[in-house]
Amino acid sequence: MAKFDIIAATGCPTGIAHTFMAKEALEKAAAERGLTIKVETHGQVGVENELTKSEIAGAKAVVVAADKDVQAERFAGKPMVSVGVSKALSVEAAGKLIDRALAAKGDSTVAVAADVEDETEEKESIGHVIYKHLMNGVSHMLVFVVAGGVLTAVSFLWGITSFDSTASDYNSFAAMLKIIGGIAMNLMVPVLSAYIAESIGKRPALVPGFVAGMIAIQGLPVNAETGMIDAGGAGVGFGFLGGIVGGFLAGYVILLLEKVFAGLPKNLDGLKAIFLYPLFSTAIVGLVMLGISGPMAAINTAMMDFLKGLSASGAVVLGLAIGCMCAFDMGGPVNKAAYVTGTAMLTEALAAGVGTDTYNFGTNFMAAVSAACIVPPLITTFAVVVGKKYFSQEDHDAGIVNLILGCTHITEGAIPFMTKNIWPVMPIMMLGSSIASILTIMFNVHDPAPHGGFLVLPVVENGPLWVLAILIGAVVGGILFVAFKKYDFEKNQKAAPVAKPVEASKAAAVEAPKAEAADFVKVENVFVAEDFASRDEALSFVSNQAVKAGIASDADAVMNAFLAREAEGTTGMMEGFAIPHAKSDAITEAVVIVVKDESGVTGWDTMDGAPVNVAIALLIPGAQAGTTHLKILSKVAEALMDEDFRGTVKGSTDAAEIAKTINARLV
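Parameters at a glance
- Residues numbered from 1 in each chain as written.
- Predicted model: local features only at pLDDT ≥ 70, side-chain atom pairs only at ≥ 80, totals over all residues.
- Heavy atoms only, no water.
- Helix = DSSP H or I, 4+ residues; strand = E, 2+ residues; numbered from the N terminus.
- Buried < 20%, exposed > 50% of the residue type's maximum accessible area, 1.4 Å probe, protein only.
- Contact = heavy atoms within 4.5 Å.
- Areas by Shrake-Rupley, 256 points an atom, 1.4 Å probe, with all protein chains shown as cover.
- Phe/Tyr/Trp six-rings, centres within 6.5 Å; stacked < 30°, edge-to-face > 60°.
- Patch = residues over 30% accessible without salt bridge, like charges linked within 9 Å, V, L, I, M, F, W, Y side chains within 5 Å.
- Salt bridge = Lys/Arg side-chain N within 4 Å of Asp/Glu carboxyl O.
- Axes fitted to C-alpha atoms, helices over the stretch in contact; angles between N-to-C directions.
- Parallel < 35°, antiparallel > 145°, perpendicular 65-115°, else oblique.
- Left-handed = near helix turned anticlockwise from the far one by under 90°.
- Nonpolar A, V, L, I, M, F, W, Y, C, P; charged D, E, K, R; others polar.
- Pairing = 2+ DSSP bridges.
- Polar contact = N/O pair within 3.5 Å; in protein donor to acceptor, adjacent residues only side chain to side chain.
- Expected span 1.5 Å × (residues − 1).
- pLDDT = per-residue confidence, 0-100.

Student: Sorry, what's going on with the overall build of the chain here?
Tutor: In terms of regular secondary structure, the chain is built from 26 helices and ten strands. For the chain, the residues scored as buried account for 51% of the 667 residues in total. Restricting the contact set of the chain to residue pairs at least 6 apart, pairs at least 24 apart contribute 70%. Total accessible area on the chain is roughly 29100 Å²; 62% of this is exposed by carbon and sulfur atoms.

Here it is as structure tokens:
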């Protein structure tokens, strides 16, 4: 059985994107550290790549990045870091989690420091615990909403009253679709409640959780004539909010009963599971839920009235609120709050029936939410097509894939773009989504399906206007995104050749160690036939060659200096060139080392997205950081603006010719 240094579990509420983005980031981060890892994913199709008991036992540390229950109790006793899935979406963030998990085992002092540094994450703050339980319910609920909502919406293709046998447009098949869809939608609240409870109290909490959810949708039955509680009477449901309250109530009642019955003999464990827990928990939860039905119904009504009040304030106010929430974290808790509110209102709309005010408001609200969720990925697609030269090849490819994700209502594809530049990309996304939401409301679009993107377009009322609203939001956001990338690109391009002339001129006034141009690039420091798998491998090669040549005393120190500079901003230029530079006390003399890779080094985030074929690496002693460093850097950057210089260096395989060409520009 294979053993792994690190094991991990990832899971997001919908199980569509965040789950697998975190998995990929953790795997890449582990590979960078030379560690083996196995990541178990809790996606919408269930648990994949499941961890075995022996794999858990053999692992050095555990990383849990999840907003749903992933049975973390399996890892009891192992060094572990537990955070929300959004904390592991980049390789850098995932690497920090791995480091912290390993530190918790290898060095207790470091482990304590890590705990203090991010105490709320290590101890799982109350807020994150509540959110995790809630999202466990939401993740199970969403599939019922999607299936039921889409089937109900499809039934309308035969006519808005095609389910009614007394109507002129009646169709028996449409009626059956609506029945099936209605049943699935009615299970939304009980499933939400049950799986919130299950996340807290495990399997025994399912029974009281389902019961609490059913009470939430039917309320306290009262006889209309007597005004007394009557099992044959009718009640006022308190819906989605009631399901949340009931789920938490059921889960914590089970935890309470576990303490109450803890003193019973061990041989009665079977009786507790099959009789005592379900009986007492159902009675307690049921009575409490019926008791609070009045206040909860009033709160539910007040919330709906508030949202309708926003609508009364105008399409701009409501659309702005929806758009900003959906694009704020793109699939995170704020986005989910808006989406789940939309599905709850859609459920009420479908129950109220076509033509009612409740139906019109709920389906219009759902259309605005869907539009806001579709726009962010489409913004990235527009941007990478129109402003291709401002994006790396990796970003370009991701943006093209986002066309499919956006059209199918999967917002998460835009996350990698936002994490690179939260400001101003997040506001741009929020603006684009808000425009789409506002126009959707103004265009009176009605969407009776809770998911599916453009796939449900046939059932959307005023569908062409809906598409127009989304495209306008995507184009406006895309133009702004391209403008930002163009500005950022030009700023970096100008910074390289100019190399802060004011500072350079000041540096020139300071006496620097004299050196002939030929001293900087020696033939033996030009390597013309290398093959590197990554940027870091190329920089590591240069660092080690510097030590071998007696230029530096510590390869790790030089490598760290290179990486520190890359972290400040990429040194990848254009047309296959990069000018990495390291300033360190471990470097004994100012030298230029040149490496060439004809196949190209990928992952260097160059200005034009092209791989690097030539890296002209500057190694500068720490004492000369403000003098020699600036002089050489500015001259190399200026040389790269010369087409003849680039052509000679890139096209030659003669180390002597390359050294001579570069030295001539360093005079």
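Student: Whenever I open this one, the packing of aromatic side chains confuses me. Can you help?
Tutor: The geometry of an aromatic ring pair is captured by two quantities: the separation of the ring centres and the angle between the planes. Under the criterion given, the structure shown has 13 aromatic pairs. With a centroid separation of 6.4 Å and an interplanar angle of 80°, the aromatic rings of Tyr195 and Phe210 are classed as edge-to-face. Taken together, the residues span a long stretch of sequence, with Tyr195 in helix H8 (residues 188-201) and Phe210 in helix H9 (residues 206-218) at a distance of 15 residues. Taking the relative accessible area as the measure of exposure, Tyr195 reaches 23% and is therefore partly exposed. Between Phe527 and Phe541, the ring centres sit 5.1 Å apart and the planes meet at 90°, which makes this aromatic pair edge-to-face. Highlighted residues: Phe527 in strand E6 (residues 526-527) and Phe541 in helix H22 (residues 535-548), separated in sequence by 14 residues. With respect to class, Phe527 is no different from Phe541; both count as buried.

Student: How should I be thinking about a nonpolar patch on the surface in this particular structure?
Tutor: On the surface, a nonpolar cluster with roughly 620 Å² of combined accessible area is contributed by Leu271, Ile274, Phe275, Leu279, Phe280, Ile284 and Val288. Mapped onto the fold, Phe280 is located in helix H11 (residues 269-291). Judged by relative accessible area, which is 37%, Phe280 ranks as partly exposed.

Student: I would appreciate a short explanation of the packing of helix H6 (residues 126-155) against helix H10 (residues 239-260) in the present structure.
Tutor: When two helices pack together, their arrangement is captured by the angle between the axes and the distance separating the axes. Between H6 and H10, the least distance of the axes is 11 Å, while the angle of their chain directions is 120°. When the axis of H6 is compared with that of H10, the two are oblique. The chirality of how H6 crosses H10 is right-handed. Taking contact as the criterion, the partners of Ile130, His133, Leu134 and Met141 in H6 are, on H10, Phe240, Ile244, Phe248 and Tyr252. A per-class count over the contact of H6 with H10 returns seven nonpolar, one polar and no charged.

Student: Hey, could you run me through the pairing of strand E1 (residues 6-11) in this one?
Tutor: A regular strand places its side chains so that they alternate between the two faces of the sheet. Most of E1 sits inside the fold, with six of its six residues counted as buried. With burial as the criterion, each face of E1 is covered, one bearing Ile6, Ala8 and Thr10 and the other bearing Ile7, Ala9 and Gly11. Bridging between E1 and strand E2 (residues 37-43) involves six bridges; their strand directions are parallel. Across the sheet, residue Ala9 finds its bridge partner in E2, namely Glu40. With six bridges joining them, E1 and strand E4 (residues 61-66) adopt parallel strand pairing. Across the sheet, residue Gly11 finds its bridge partner in E4, namely Ala66.

Student: Explain the sheet that holds strand E3 (residues 46-48) here, please?
Tutor: Strands in a sheet are paired, the pairing made by backbone hydrogen bonds, and the direction either parallel or antiparallel. Strand order in the open sheet formed by five strands is E3-E2-E1-E4-E5, and the pairing between neighbours is mixed. With partners counted over all chains shown, the strands left at the sheet margins are E3 and strand E5 (80-83), one partner each. The average angle at which neighbouring strand axes cross in this sheet is 10°, direction not considered. Sheet topology places E4 next to E5; four bridges connect them, and they run parallel. Its bridge partner being in E5, Val63 is matched across the sheet by Val81. Seen against the sheet, helix H1 (residues 18-32) touches E1, E2, E3 and E4 and runs at an angle of roughly 175° to E2.

Student: Even after reading the chapter, I still don't get the side chain of Thr343, so can you show me in this structure?
Tutor: Within the secondary structure, Thr343 sits in helix H14 (residues 333-352). Within the structure, the side chain of Thr343 is placed 2.7 Å from the backbone oxygen of Val340, a separation counted as a polar contact. Once you skip the residues sitting within four places of it in the chain, Thr343 turns out to touch Val145, Met188, Met366 and Pro450.

Student: Would you take a moment to explain the packing of H8 against H9 for this structure?
Tutor: Contact geometry of H8 with H9 gives a least axis separation of 7 Å together with a crossing angle of 145°. Like other packed secondary-structure pairs, H8 and H9 cross with a definite hand, here right-handed. Counted together, Val189, Pro190, Val191, Ser193, Ala194, Tyr195, Ala197 and Glu198 of H8 and Leu206, Gly209, Phe210, Ala212, Gly213, Met214, Ala216 and Ile217 of H9 form the full contact between these two elements. Looking at the contact of H8 with H9 residue by residue, the class counts come to twelve nonpolar, three polar and one charged.

Student: Teacher, can you tell me more about helix H18 (residues 422-442) here?
Tutor: Since the α-helix advances by 3.6 residues per turn, residues separated by three or four positions end up pointing in the same direction. The end-to-end C-alpha distance of H18, which contains 21 residues, comes to 30 Å, matching closely the 30 Å that a straight helix rising 1.5 Å per residue would cover. Taking burial as the measure, the 21 residues of H18 include 15 buried ones, the bulk of the element. Asn444 sits one or two positions beyond H18 and adopts a positive phi of about 60°.

Student: Sorry if this is basic, but what is going on with helix H26 (residues 655-665) here?
Tutor: Buried residues of H26: Ala655, Ile658, Ala659, Thr661, Ile662 and Asn663, and no others. The N-cap of H26, judged by a side-chain oxygen 3.0 Å from the amide nitrogen of Ala656 a few residues on, is Asp654.

Student: I keep staring at the environment of Gly600 and nothing clicks. Help me out?
Tutor: In this structure, Gly600 sits in strand E9 (residues 591-601). For Gly600, a relative accessible area of 10% puts it in the buried group. With 68 residues separating them along the chain, Gly600 and Phe532 place their C-alpha atoms 7.9 Å apart. Excluding anything up to four places from it in sequence, Gly600 contacts Phe532, Pro611, Val612 and Asn613.

Student: I tried to follow the confidence of the model for the chain on my own but got confused; where do I start?
Tutor: Low pLDDT marks regions whose predicted coordinates should not be analysed in detail. Mean pLDDT for the chain: 85, with 90% of residues reaching 70 or above. Below pLDDT 50 for its whole length, residues 106-122 participates in 16 contacts with residues either more than four positions away or in separate chains. Low pLDDT, under 50, characterises residues 496-518; the predicted model gives this stretch 24 contacts beyond four residues in sequence or across chains.

Student: I keep staring at unusual backbone geometry and nothing clicks. Help me out?
Tutor: Comment: phi is negative for the bulk of residues other than glycine, and the bulk of peptide bonds are trans. Pro424 follows Trp423 through a cis peptide bond whose omega is 10°. Along the chain, Pro424 falls in helix H18. Positive phi values are uncommon outside glycine, yet Asn49 reaches one of about 60°. As for its position among the elements, Asn49 is in the loop between E3 and helix H2 (53-58). Judged by relative accessible area, which is 39%, Asn49 ranks as partly exposed. The phi dihedral of His409 is positive, around 65°, even though this residue is not glycine.

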